[in-house]
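Chain by chain, the residues run as shown.
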Amino acid sequence: MRINFDDLINPELHPEYEPERIFSDDTSFIDVVSPDEVTNSNLSIDPNRQPVVIVDNLHVKYRVYSSGKAVGAAGARRLLQSNMRGVRTVHALKGISFVAYENESIGVIGSNGSGKSTLLKAITGLTPPASGSVYARSRPSLLGVGAALIPGLSGDKNITLGGLALGYSRQEVEEMREEIIKFAELEEFIDLPMRTYSSGMSARLKFAIAASKQHDILIIDEALAVGDAKFKKRSEAKIREIRENAGTIFNVSHSMNSIKETCNRCIWIEKGVQKMDGDTDTVIKAYQAHLKKK
Amino acid sequence: MTVAEEAEKYGLHRVGARPSLVDYLKQTWSRREFIYELAKARVQSQNDRNRLGMLWEVLKPTFNALMYGFIFGILQGGAKGPDFPVYVVIGVFLFEFFTSSMTGGAKSITGNTALVQSLAFPRLALPVAQVTQGILTLMPMLLVMFIYAMILGTTPKWTWFVIIPLVLLFSVFNMGIALICARITVHVRDFTNILPLIGRVLFFTSGVLFSVDRILNQWPWMVTAFDYHPLYQTLQIARAMIMDNAVYEPRAWWVVGIWAFATLVFGLVYFWKAEERYGRAD
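Residues numbered from 1 in each chain as written. Chains lettered and ligands numbered in written order. Predicted model: local features only at pLDDT ≥ 70, side-chain atom pairs only at ≥ 80, totals over all residues. Heavy atoms only, no water.

As named in an unreviewed UniProt entry, chain B is Transport permease protein, taken from Glutamicibacter ardleyensis. As recorded by UniProt, the Sequence similarities (unreviewed entry) comment attached to chain B reads in full: "Belongs to the ABC-2 integral membrane protein family." (UniProt positions renumbered as here; feature names shortened; annotations may be inferred.)

As recorded in an unreviewed UniProt entry, chain A goes by the name ABC transporter ATP-binding protein, listed as coming from Glutamicibacter ardleyensis. According to its UniProt record, chain A has this under Sequence similarities (unreviewed entry): "Belongs to the ABC transporter superfamily."

Structure below.
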């Protein structure tokens, strides 16, 4: 008898879990939908509200070797081999369309490999669309500044560097410095190099710097809160504050509770297809019902 | 009405679209504080875990000059020019700036993928920061270079200050090289593997260690070709300005200047054209 492992998983205990499928033998979602099969949801813009992001019939495709290696990485083979055998196209997003308005916070949910992160990358402009396009009022930014910081420098110098990286002027950084140090609870350690910090301390510093920015369009990818329970609470409060000030927020998380708490609208993506778009509670209910059914 | 028109009506723009070259340069200029801070921070952190710290920035080229000067001094025997040690010191120290701009520039996008993917700023800032870092490193090196020149018996003179405009032109040239290498690496990562080889080939073919007139005088066409060699001509001007009895042709300024600005303009346009490409997962 063949054991179906999916039956062994209690969906109530693991509502967000689904085995990674992109490179498994299950190819059912690879190119099964041709672009014209997908119904193009007709975008309609509510004239009474200010749209901030418009995603118009967005398709994203990746080309991968059947071995799972990205085509781009195997440059030599691409040079030497004209007919690309074994290359598969993964149609990661199949026609996503929606309009995000000012002051909305939108949760994006779906099983693993459903295209959530691809959608967010496409919104920030880091993944090229195969067709369709994304329009935005300003360039959407990810909440995070860690990449700009240098471990060998003191926390204090990293605040300068991070602030400038976020687009502040030197003077604005000076004005925020005290507040960042206080929020990160690093008053005594701010002159030490960042590499001497504990992971919690550097996470706090990164969060405090990143959170100092007022974002017009903000994207939060599964990193809602960092640090110990106390700091987590404060960072959640800070995110709420950013959300109130930010124009629009996109939030990807596997935690349905965090989505419920922070989002007033929800988009559910399954295998690259937009399944549902609407009120958070309704969409999450439908999503969980779908997980149970499987 | 198409979606694009509708979006335009509400003041929305296509995400990731490349700005015009003028806007692009303006945006980069507005990020100059970030560029400088990034370059400064990297210089500071580069050697912070070494016991000798920043001293290494001077020690490395010193050892290089000693080693190459010794080996090539013996190999060339009587063919080496007068004041050979100073000749080598100037060559090695200035060439170091070129190599660091080229290899650093090549890695400026691919080596900062996380930064490119998380924050929005004109990507031009990264190779510019790399060359700025090279300039900041070069300053103490130049000082040490003059000290060596004096120790080796060169008399200080006012023409030493001509090194300032020369280094500026050299930076312009290196900037162009860094931009070109940065984009090539994004398309073909393998480029970084042959880059050290290219650097070494240029090192041995740019007259860092030998005087072209003396070594290649059997092949006059080669000597003529070196008259248009941007790196060799840069070094020749520097030597003429610093050393007691070195001469150069004033035409060299034109060679160096035209090379510098042509490389920069080409590099800028070439780099800007692929702006939408940087940071993308391929």
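K.L.:
Give a description of the overall build of chain B that names residues and reports values.
P.N.:
When helices and strands are counted, chain B shows 13 helices and one strand. Counting from the amino terminus, chain B carries its helices and strands in the arrangement α-β-α-α-α-α-α-α-α-α-α-α-α-α. Looking at chain B alone, contacts between residues at least 24 apart form 77% of all its contacts between residues at least 6 apart. Approximately 13600 Å² of chain B is accessible, and the part contributed by carbon and sulfur atoms is 67%. (Helix = DSSP H or I, 4+ residues; strand = E, 2+ residues; numbered from the N terminus. Contact = heavy atoms within 4.5 Å. Areas by Shrake-Rupley, 256 points an atom, 1.4 Å probe, with all protein chains shown as cover.)

K.L.:
Go over the overall build of chain A, please, and point to the residues and values.
P.N.:
A tally of regular secondary structure across chain A gives nine helices and nine strands. The buried share among the 294 residues of chain A stands at 47%. Carbon together with sulfur atoms contributes 49% to the accessible area of chain A, which is approximately 14300 Å² in total. (Buried < 20%, exposed > 50% of the residue type's maximum accessible area, 1.4 Å probe, protein only.)

K.L.:
Any details on the state of the cysteines? Residues and values, ideally.
P.N.:
Enumeration over the complete set of coordinates arrives at zero disulfides over all chains. For A:C263, which is in no disulfide, the shortest distance to another cysteine sulfur is to A:C266 and amounts to 6.4 Å. (Disulfide = S-S within 2.5 Å.)

K.L.:
Which residues make up the interface of chain A and chain B, and what values do they have?
P.N.:
On the side of chain B, 34 residues touch chain A, which itself brings 44 residues to the contact. Here chain A packs against chain B, burying approximately 3400 Å² in sum over the two surfaces, 63% of which is carbon and sulfur. Its largest share of buried area at the contact with chain B, chain A owes to A:L126, A:Y135 and A:R170, together 17% of the area lost on that side. In this structure, the connection of chain A to chain B is made through two salt bridges. If you look at where chain A meets chain B, you find seven residue pairs in polar contact (both at pLDDT 80 or more). (Buried area = accessible area lost by both parts, 1.4 Å probe. Salt bridge = Lys/Arg side-chain N within 4 Å of Asp/Glu carboxyl O. Polar contact = N/O pair within 3.5 Å; in protein donor to acceptor, adjacent residues only side chain to side chain.)

K.L.:
I'd like a description of the pattern of salt bridges, backed by residues and values.
P.N.:
Under the defined criterion, the tally for this structure stands at 14 salt bridges over all chains. Note that B:R14 and B:E276 form a salt bridge whose closest N and O atoms lie 3.7 Å from each other. A residue pair is termed long-range when its members are at least 10 positions apart, and B:R14 in strand β1 (residues 13-14) and B:E276 in the segment after α13 (251-273) qualify at 262 residues. Of the residues examined, B:R14 reaches a relative accessible area of 38% and is grouped as partly exposed. Take B:E276: its relative accessible area is 24%, and that puts it in the partly exposed class. Residue B:K157 pairs with B:D244 through a salt bridge whose shortest N-O separation is 3.0 Å. With a gap of 87 residues between them, B:K157 in the loop between α7 (125-151) and α8 (163-187) and B:D244 in the loop between α12 (230-242) and α13 connect regions that are remote in the sequence. By sharing partners, the salt bridges in this structure join A:R49, A:E104, A:R265 and A:D277 into a single network.

K.L.:
Could you give an account of the packing of helix α4 (residues 55-76) of chain B against α7(B), with specific residues and numbers?
P.N.:
All names here are of chain B. Interhelical geometry of α4 versus α7 gives an angle of 50° and a closest axis separation of 9 Å. By the criterion of interaxial angle, the relationship of α4 to α7 is oblique. Viewed along their axes, α4 and α7 form a crossing whose handedness is right-handed. Between α4, through E57, V58, P61 and T62, and α7, the contact on the second element is made entirely by T137, M141, V144 and Y148. Partitioned by chemical class, the residues of the contact of α4 with α7 number five nonpolar, two polar and one charged. (Axes fitted to C-alpha atoms, helices over the stretch in contact; angles between N-to-C directions. Parallel < 35°, antiparallel > 145°, perpendicular 65-115°, else oblique. Left-handed = near helix turned anticlockwise from the far one by under 90°. Nonpolar A, V, L, I, M, F, W, Y, C, P; charged D, E, K, R; others polar.)

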